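Structural overview
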Amino acid sequence: MTKKFQPFSDDSASLSIGEFTIENGTDKVAVYGSLDVTRDKSGLKKAKALKSAVDAIVKALEQDKELPDESSPAEAPQQVKNPFA
């Protein structure tokens, strides 16, 4: 049995639908790739999987009572001295 995708619950889970990927994170969910939804049973299955994932993301966001207007941008990477040089 496949574990149900729970958005914003961890920084490691991902869901793949064909070549389309939804990567979980505690502060964001990344959505990327390509998905062909064909007019057949396989296409219907893919569309339902995508809808289920997006519905779960929307539900998680709607349930967050302290949702900010915008997230803070990620901190810029800092260059550090190479410890092996």
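Here the structure is shown first, and the text comes after it.
Now for a quick tour of the structure. A quick note: this is a predicted structure, and the numbers were derived from the prediction, not measured. (Residues numbered from 1 in each chain as written. Predicted model: local features only at pLDDT ≥ 70, side-chain atom pairs only at ≥ 80, totals over all residues. Heavy atoms only, no water.)

**Re the overall build of the protein**
Scanning the protein for helices and strands turns up 1 helix and 3 strands. Taking 12 Å as the expected radius of gyration for a compact globule of 85 residues, we find that the protein reaches 17 Å, considerably beyond that expectation. Based on the C-alpha atoms only, the size of the protein along its principal axes is roughly 55 × 40 × 25 Å. Across the 85 residues of the protein, 15% fall into the buried class. By sequence separation, contacts in the protein at least 24 residues apart represent 25% of the contacts at least 6 residues apart. Carbon together with sulfur atoms contributes 52% to the accessible area of the protein, which is approximately 7600 Å² in total. Looking at charge distribution, the protein has the averaged site of its 12 positive side-chain charges lying 11 Å from that of its 14 negative ones. (Helix = DSSP H or I, 4+ residues; strand = E, 2+ residues; numbered from the N terminus. Rg over C-alpha atoms; globule rule 2.2 N^0.38 Å. Buried < 20%, exposed > 50% of the residue type's maximum accessible area, 1.4 Å probe, protein only. Contact = heavy atoms within 4.5 Å. Areas by Shrake-Rupley, 256 points an atom, 1.4 Å probe, with all protein chains shown as cover. Lys, Arg positive; Asp, Glu negative; His and termini not counted. Charge placed at Lys NZ, Arg CZ, Asp CG, Glu CD.)

**Details of the nonpolar core**
The biggest cluster of nonpolar side chains holds 6 residues, and these are F5, F20, I22, V29, A53 and I57. For this core, the elements supplying multiple residues, two or more each, are β2 (19–23) and α1 (41–63). Residue contacts for F5: discarding those within four places in its chain leaves L15, I22, N24, V29, A56 and I57. (Core = buried A, V, L, I, M, F, W, Y, C linked by side-chain atoms within 4.5 Å.)

**Some words on the sheet that holds strand β1 (residues 14–17)**
Adjacent strands of a sheet form backbone hydrogen bonds with each other and so pair up, either parallel or antiparallel. The 3 strands are arranged β1-β2-β3 in an open sheet whose pairing can be described as antiparallel. Two strands close off the open sheet at either side, each with one partner strand: β1 and β3 (30–34). Neighbour to neighbour, the strand axes of the sheet diverge by 10 degrees on average, direction disregarded. Sheet analysis places β1 next to β2, joined by 4 bridges and oriented antiparallel. Among the inter-strand pairings, I17 is bridged to a residue of β2, identified as F20. (Pairing = 2+ DSSP bridges. Axes fitted to C-alpha atoms, helices over the stretch in contact; angles between N-to-C directions.)

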